[in-house]
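Examining the three-dimensional arrangement
Listed below, chain by chain, are the residues.
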Amino acid sequence: MVDSVLNSESVAVITGGAAGIGRAIALEFAALGMRVVVADNRADRLTGIEAALKAAGAQDAMAQVADVADPQSLAALEQAVAERFGGTDILVNNAGIQPGSAMFGPVEAWEAVLDTNLWGVINGTRAFGPRMIERGRPGMIVNTGSKQGITTPPGDPAYNVAKAGVKAYTEALAHELRNTDGARLSAHLLIPGFVFTELNSRGRTEKPAGAWTPEELAAFFIERLKARDFYILCPDNDVTRELDQKRMAWAIGDIIENRPALSRWHPDYAETFEAFIRS
């Protein structure tokens, strides 16, 4: 499936594609000779992106303002792509925000994060998926998750809830697609590590040593798509895949061992956790 879609015959759509990870992925698709569509809710950030995609190798390029929290906006985007290119082969539901949240903080922060980070993925899949299935062409839907949706560390509960939902939704989507007659689509969950973008710059202008660039992430993403990974678990300059796996194993172990929730950050389990990581 992947072999027959990562090529110049495909049309790729990336939401949240004006900057950061989304833009870097769009440029990787362009380098493969695809027709590439970038959608973002910031019109000013889309200036010049069509030219950049064509310079990178895209057969053709299109930029359109779209709000992933609005199903009608995404339906209009899908229709525009179908009218111009005949349809979509690759959908990357990447748009995301992280304004910060607190358990009993402003409800507006919760609503904004869930509307974009979770409902944006659902809205995008529902807008594009039916025609992608109907066309009968090889294709894929990629949803951008987060390690915070798996290990759910304290500090930003709205973001964790949204990204945990993306993980569950994408797993369900993969099952649905492989059991749908005529569907030649695969689903994939992109799980970035520490990537230096506007989303997490927090006023910094220089990339921290531990972070990857968006371009490093995008190159790894393409490599793992070619390997047909569902869980595209990305390392960075500080955290290896082995360390990620141990952290995730500990998190699920809280249920299996009936430990307190988030025991990794519980003072009674600090030494046990560190010993587990070193083992």
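Going along each chain's sequence as written, the residues are numbered from 1 onward. This being a predicted model, a pLDDT of at least 70 is required before a residue's local features are given, and a value of 80 or more before pairs of side-chain atoms are given or counted; all residues contribute to the totals for chains, interfaces and linings. The basis for every side-chain value is the complete set of heavy atoms in the structure, and neither hydrogens nor water enter the calculation.

An unreviewed UniProt entry lists the protein chain under the name NADP-dependent 3-hydroxy acid dehydrogenase YdfG, with Tropicimonas sediminicola given as the organism. Annotation of the protein chain in UniProt includes, under Sequence similarities (unreviewed entry), the sentence "Belongs to the short-chain dehydrogenases/reductases (SDR) family." UniProt positions are given in the numbering used here, feature names are shortened, and annotations may be inferred rather than shown by experiment.

Moving on, we get to the pattern of salt bridges. Only one rule defines a salt bridge in this text: a Lys or Arg side-chain nitrogen within 4 Å of an Asp or Glu carboxyl oxygen. Applying the stated criterion to the full structure yields 13 salt bridges. Among the salt bridges present, the one from R45 reaches E198, with a minimum N-O distance of 2.7 Å. Taken together, the residues R45 in the loop between β2 (35-40) and α2 (49-55) and E198 in the loop between β6 (185-191) and α7 (214-226) connect sequence positions 153 residues apart. The classification of residues rests on relative accessible area computed with a 1.4 Å probe and restricted to protein chains. Under 20% of the type maximum is buried, over 50% is exposed, and intermediate values are partly exposed. Judged by its relative accessible area of 46%, E198 falls in the partly exposed class. Through salt bridges with shared partners, a single network forms among D40, R42, R45 and E198. Runs of H or I in DSSP of at least four residues are treated as helices and runs of E of at least two as strands, each being numbered from the N terminus.

Once that is clear, we can look at the side chain of K147. Within the fold, K147 resides in the loop between β5 (139-144) and α5 (148-151). According to the relative accessible area criterion, K147 is buried, its value standing at 12%. Side-chain atoms alone can form a polar contact between residues adjacent in sequence; in general such a contact is a pair of N or O atoms within 3.5 Å, and within protein one must be able to donate a hydrogen while the other accepts it. There is a polar contact of 2.7 Å between the side chain of K147 and the backbone oxygen of C234. Note on definitions: a residue-residue contact is assigned when non-hydrogen atoms from the two residues lie within 4.5 Å. Those residues in contact with K147 that lie beyond four places of it in its chain are T152, I191, P192, G193, L233, C234, P235, D236, D244 and M248.

Among the six residues of β5, six are classified as buried, and the element is accordingly described as predominantly covered. Taking every second residue as pointing to the same face, both faces of β5 are buried, with G139, I141 and N143 on one and M140, V142 and T144 on the other. In the sheet, strand β4 (residues 90-93) pairs with β5 via four bridges, with the strands oriented parallel. Following the sheet pairing, N93 is matched in β5 by N143. Strand pairing is assigned whenever DSSP detects at least two bridges linking the two strands.

A separate point is a nonpolar patch on the surface. Together, I252, I255 and I256 make up a nonpolar patch on the protein surface, roughly 350 Å² of accessible area in all. Locating I255 in the fold gives a position in helix α8 (residues 241-256). On the accessibility criterion, I255 (66% relative accessible area) is exposed. Here the term patch refers to residues with relative accessible area over 30% and no salt bridge, with like charges joined within 9 Å and nonpolar side chains (Val, Leu, Ile, Met, Phe, Trp, Tyr) within 5 Å. We get accessible surface area from the Shrake-Rupley algorithm with a probe of 1.4 Å; when it comes to residues, only the shown protein chains can shield them.

Start and end points for every domain follow an automatic or database-based domain assignment. Splitting the protein chain by domain gives domain 1 (2-238) and domain 2 (240-278). Distance between the C-alpha centres of domain 1 and domain 2: 29 Å. If you look at the interface, domain 1 gives 10 residues, while domain 2 gives nine residues. Surface buried jointly by domain 1 and domain 2 totals about 870 Å² across both partners, of which 69% is contributed by carbon and sulfur atoms. The quantity reported as buried area is the accessible area (1.4 Å probe) lost by two parts once they are put together, taken as the sum for both. Considering only the side of domain 1, the residues that lose the most area to domain 2 are T151, P154 and L233, jointly responsible for 53% of the buried surface there. Across the contact surface, domain 1 and domain 2 share one salt bridge. Put simply, domain 1 and domain 2 have two residue pairs in polar contact (both at pLDDT 80 or more) between them.

Geometry is summarised by axes, namely lines fitted to C-alpha atoms with helices restricted to the contacting stretch, and by angles between N-to-C directions that run from 0 to 180 degrees. Where helix α4 (residues 107-135) meets helix α6 (residues 157-178), the axes come as close as 8 Å, and the angle between the chain directions of the two elements is 15°. Classified by the interaxial angle, the pair formed by α4 and α6 is roughly parallel. Crossing of α4 against α6: the hand is right-handed. Listed contacts from α6 to W110, V113, L114, N117, L118, V121, I122, T125, R126 and I133 of α4 are P157, A158, Y159, V161, A162, K163, G165, V166, Y169, L173 and L177. Looking at side-chain class alone, the contact of α4 with α6 contains 16 nonpolar, three polar and two charged residues. Roughly parallel here means an angle under 35 degrees, roughly antiparallel means over 145, roughly perpendicular means 65 to 115, and every remaining angle is called oblique. Should the near helix be turned counterclockwise from the far one by less than a right angle, the crossing is left-handed, whereas a clockwise turn marks it as right-handed. Each residue gets one label: Ala, Val, Leu, Ile, Met, Phe, Trp, Tyr, Cys and Pro are nonpolar, Asp, Glu, Lys and Arg are charged, and the others, such as Gly, are polar.

Aromatic contacts are taken between Phe, Tyr and Trp rings whose centres are within 6.5 Å, Trp giving its six-membered ring; a plane angle under 30 degrees counts as stacked, one over 60 as edge-to-face, and the others as tilted. Scanning all chains against the criterion turns up five aromatic pairs. Members of the aromatic cluster, connected to one another through ring pairs, are W250, F273 and F276. Charge-over-ring contacts are defined here by two conditions on Lys NZ or Arg CZ: a distance within 6 Å of the ring centre and an angle within 35 degrees of the ring normal. Note that R259 overlies the ring of W250, its terminal NZ or CZ placed 3.7 Å from the centroid.

Before going further, it helps to spend a moment on unusual backbone geometry. Residues apart from glycine generally show negative phi values, whereas peptide bonds are mostly found in trans. Phi is positive for T152, close to 40°, though the residue is something other than glycine. Along the chain, T152 turns up in the loop between α5 and α6. For R228, which is not a glycine, the phi torsion comes out positive at approximately 70°. By secondary structure assignment, the location of R228 is in the loop between α7 and β7 (231-233).

We now examine the sheet that holds strand β3 (residues 60-65). To summarise the sheet geometry, strands pair through backbone hydrogen bonds and adopt either a parallel or an antiparallel arrangement. A sheet is described by the order of its strands in space; here seven strands give the open sequence β3-β2-β1-β4-β5-β6-β7, paired in parallel fashion. Sheet topology places β3 and β7 at the edges, where each strand pairs with a single neighbour. On average, adjacent strands in this sheet sit at an angle of 15° to one another, irrespective of strand direction. In the sheet, β6 pairs with β7 via three bridges, with the strands oriented parallel. In the sheet register, L189 faces β7, and the bridge partner there is Y231. Packing against the sheet, α6 makes contact with β5, β6 and β7, and its axis sits at approximately 160° to β6.

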